[in-house]
Every structure is written in C-alpha cells, then in structure tokens.
Amino acid sequence: MDVKRVKDYLYWLYYQYQLITCSYVLEPWEQSMFHTVTVTVLAMVLYTAYVFIPIHIRLAFEFFSQIFGGQPESTV
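Residues numbered from 1 in each chain as written. Predicted model: local features only at pLDDT ≥ 70, side-chain atom pairs only at ≥ 80, totals over all residues. Heavy atoms only, no water.

### Concerning the overall build of the protein
Thinking step 1. A tally of helices and strands in the protein yields two helices and zero strands.
Thinking step 2. Relative to its 76 residues, the protein shows a buried fraction of 5%. (Helix = DSSP H or I, 4+ residues; strand = E, 2+ residues; numbered from the N terminus. Buried < 20%, exposed > 50% of the residue type's maximum accessible area, 1.4 Å probe, protein only.)

As structure tokens, then:
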C-alpha cells in the first residue's frame, strides 16, 4: 500500500472527525482540551467493556444453560 494514500486516508478520517464533532471551529487550546476529554472517555469505555463484557457473557451463558436444560453441575 502506498504511504501517501495511507497518509491521505488518515487525514481524511481526522477531517471527518472534526466535521462530525464541529471541533474545527474551536480555538487550538480548546481543540486540545476537547480531544483530551474525548480520548479519555473513549479509553474508559473500551477498558470497561474489556473488563466487564466477558463476565456478563459468561453469567448469561450459565443462566440460559440452566433454563434450557443444560447439564446439571455435579455436587460431589
């Protein structure tokens, strides 16, 4: 893949991000604060999803396997 095309594509994605969030109208210091808050919130959401979604999926699987006649666990 051509490096120039990748660079142009990344620039286009950043431009779309600025258009969607209307951050292109902010002053530079406001843009940096906005981007910092946005990245922080996104990182916290991703971390929370990484930690808690597998636990919830496992618990839901156990719950539905008991309801729909899964193998009973051994009490030995």
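This is not the end of the story, as more comes after the structure.
### What to know about the packing of aromatic side chains
Thinking step 1. A complete count under the given rule lists four aromatic pairs for this structure.
Thinking step 2. Where Tyr 14 meets Tyr 17, the ring centres are 6.2 Å apart and the plane angle is 35°; that geometry is what we call tilted. Remark: Tyr 17 and Tyr 14 occur in helix α1 (residues 3–21); sequence separation between them is three residues, near one turn of the helix.
Thinking step 3. Under the relative-accessibility criterion, Tyr 14 is labelled partly exposed at 38%.
Thinking step 4. On the numbers, 6.2 Å between centres and 15° between planes, the contact of Phe 64 with Phe 68 is stacked. (Phe/Tyr/Trp six-rings, centres within 6.5 Å; stacked < 30°, edge-to-face > 60°.)

### A look at the UniProt feature "transmembrane region" (unreviewed entry) in the protein
Thinking step 1. Here, UniProt's "transmembrane region" (unreviewed entry) annotation points to residues 32–53.
Thinking step 2. As annotated, residues 32–53 has a helix share of 100% and a strand share of 0%, and its two end C-alpha atoms lie 31 Å apart. (UniProt positions renumbered as here; feature names shortened; annotations may be inferred.)

### Considerations on unusual backbone geometry
Thinking step 1. The residue Cys 22 is not glycine, and still its phi comes out positive at about 60°.
Thinking step 2. The topology assignment puts Cys 22 in the loop between α1 and α2 (28–67).

### Looking at the packing of α1 against α2
Thinking step 1. Close contact between α1 and α2 brings their axes to 13 Å; oriented N to C, the two are set at 95°. Here α1 is positioned roughly perpendicular relative to α2, judged by the angle of their axes. Between α1 and α2, the residues in contact are Tyr 14, Tyr 17, Gln 18 and Thr 21 and Gln 31, Phe 34, His 35 and Thr 38, respectively.
Thinking step 2. Its residues assigned to classes, the contact of α1 with α2 shows three nonpolar, five polar and no charged. (Axes fitted to C-alpha atoms, helices over the stretch in contact; angles between N-to-C directions. Parallel < 35°, antiparallel > 145°, perpendicular 65-115°, else oblique. Contact = heavy atoms within 4.5 Å. Nonpolar A, V, L, I, M, F, W, Y, C, P; charged D, E, K, R; others polar.)

### Considerations on the environment of Ser 32
Thinking step 1. Structurally, Ser 32 is set in helix α2.
Thinking step 2. Given the relative accessible area of 37%, Ser 32 is considered partly exposed.
Thinking step 3. In this structure the side chain of Ser 32 is engaged in a polar contact, spanning 2.8 Å, whose partner is the backbone oxygen of Trp 29. (Polar contact = N/O pair within 3.5 Å; in protein donor to acceptor, adjacent residues only side chain to side chain.)

### So, the side chain of His 35
Thinking step 1. Assignment of secondary structure puts His 35 in helix α2.
Thinking step 2. Relative accessible area serves as the criterion here: at 18%, His 35 is assigned to the buried category.
Thinking step 3. Engagement of the side chain of His 35 in a polar contact is seen with the side chain of Tyr 14, the distance being 3.5 Å.
Thinking step 4. Apart from residues lying up to four places away in sequence, His 35 is in contact with Tyr 14, Tyr 17 and Ser 23.

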